[in-house]
Amino acid sequence: MFSALTDKLEDAFRKLRGLGKISESNIADAMREIRLALLEADVDFKVTKDLIEAVKTRALGEEVLKTVTPGQQIVKIFHDELEKILGSAADLDLGPPQRILMVGLNGAGKTTTSAKLANWLKKQGKRPLLIALDLYRPAAVTQLQVLGQQLGVPVCVPAAGETDVVRATRAALAWLEQQGSGVAIFDTAGRQEVDEALLSELKKVRDLVKPNETLLVADAATGQQAVAVASKFHETVTITGLIMTKLDGDARGGALLSMRQVTGRPVKFIGVGEKVDQLEVFHPDRMAQRILG
Ligand code: GDP
């Protein structure tokens with residue numbers, strides 16, 4: 001993850017740092033390299049443009065060219081701006097009603113991440129409860145049941161043959177009433193792409209559940225469509241945070257920056273493997289260090 005980006009940025013930074021004197025044309029060259037590195041890492045076009053502009057504006061505004069170490073100053077400005085995009089660390093909101101709605105596309109990792117989150121909550125001394133509401137992909141219900149069993153976490157499943165998500169959600173809320181207090185994690189259905197059917201279904205579920213957290217689970221390998229995907233979910237169900245999955249893979253990583261920037265919502269966790277304990281709390285500062293090498 002991010003290794004190609006890191007290598008390319010390092011090249012650009014090395015050149016910048018190496019320059020005794022720096023001119024506006026040096027800056028322009030370096031910025032071009034940084035811009036390409038970001039785009040190749042699948043960072044959204046506009047996010048890249050804004051980031052580069054912010055660095056340029058600050059570099060010129062702060063009269064970096066007149067300082068003794070202009071190259072280093074520019075690298076530092078870039079670091080600051082990247083940290084700004086990554087945001088600050090944000091805890092999971094566990095306040096009432098203690099309901100977490102997991103949303104995302106098919107295959108993003110919602111079901112796996114629901115179980116991972118239950119495992120994480122258990123380790124925090126909380127009482128997680130899992131609710132299967134993915135009627136679109138029937139295997140997801142069984143998958144959640146199996147994972148819940150392994151973790152010793154109660155799982156609510158829809159009635160056999162249930163196809164109405166509103167009815168299934170109402171039944172789940174009734175089940176929840178009987179369970180007493182706990183942190184409920186609702187695993188919802190996805191689709192191959194963000195379509196009307198998915199969004200209207202999620203809206204109905206969201207209005208019934210009234211979650212305090214709505215987490216968008218997204219594959220870190222999502223390419224240039226990251227911004228469109230994140231915006232559509234955010235406009236429809238107002239997400240409160242992001243979970244980026246598969247950061248253990250060879251994803252170039254741009255989706256994390258793009259989705260974070262376009263929603264303005266924090267990345268709360270990252271998935272780093274298929275196993276139930278391979279979920280990590282996200283630390284933006286560490287990620288910035290990693291990207292910058
Ligand atoms: P859903 O359709 O969103 O519910 O997706 P699933 O939870 O079924 O996950 C789809 C696939 O991605 C499964 O094979 C998971 O094991 C895998 N997966 C989920 N999260 C991660 C992760 O962080 N790393 C890796 N390597 N695989 C993951």
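Structure's up top.
Notes on the structure in this doc start here. Please read all numbers here as calculations on a predicted model, not as lab measurements.

1. Considerations on the overall build of the protein chain
Along its length, the protein chain carries 11 helices and eight strands. C-alpha atoms of the protein chain, sized along the principal axes, occupy 70 × 40 × 30 Å. For the protein chain, the residues scored as buried account for 52% of the 293 residues in total. For the protein chain, the computed accessible surface area is about 13400 Å², with 49% contributed by carbon and sulfur atoms.

2. What about the sheet that holds strand 8 (residues 279–281)?
Strand order in this open sheet of eight strands is 3-2-4-1-5-6-7-8, and the pairing throughout is mixed. Edge positions in the sheet fall to strand 3 (155–156) and strand 8, since each of these pairs with one other strand and no more. Against the sheet, helix 5 (residues 110–123) makes contact with strand 1 (99–103), strand 2 (128–133), strand 4 (183–188), strand 5 (213–219), strand 6 (241–245), strand 7 (267–271) and strand 8, and its axis sits at roughly 170 degrees relative to strand 4, the strand it touches most. Contacting strand 5, strand 6 and strand 7, helix 10 (residues 254–263) crosses the sheet at an angle of about 170 degrees to strand 6.

3. Here's the deal with the site of the ligand
Contacts to the ligand come from 18 residues, most closely from G107, K110, T112, D248 and E274. Within the backbone of K110, one N or O atom sits 2.7 Å away from an oxygen atom of the ligand. Between the ligand and the protein, one listed contact pairs an oxygen atom with a backbone N or O atom of K246 at 3.0 Å. For the ligand, the protein covers 82% of the area, taking 580 Å² as the surface of the free molecule. Top element by residues in the shell around the ligand is helix 5. It accounts for four residues.

Rules used throughout
Residues numbered from 1 in each chain as written. Predicted model: local features only at pLDDT ≥ 70, side-chain atom pairs only at ≥ 80, totals over all residues. Heavy atoms only, no water. Helix = DSSP H or I, 4+ residues; strand = E, 2+ residues; numbered from the N terminus. Buried < 20%, exposed > 50% of the residue type's maximum accessible area, 1.4 Å probe, protein only. Areas by Shrake-Rupley, 256 points an atom, 1.4 Å probe, with all protein chains shown as cover. Pairing = 2+ DSSP bridges. Contact = heavy atoms within 4.5 Å. Axes fitted to C-alpha atoms, helices over the stretch in contact; angles between N-to-C directions. Near = heavy atom within 4 Å. Polar contact = N/O pair within 3.5 Å; in protein donor to acceptor, adjacent residues only side chain to side chain.

Function cannot be inferred from these measures alone, as they are strictly geometric.
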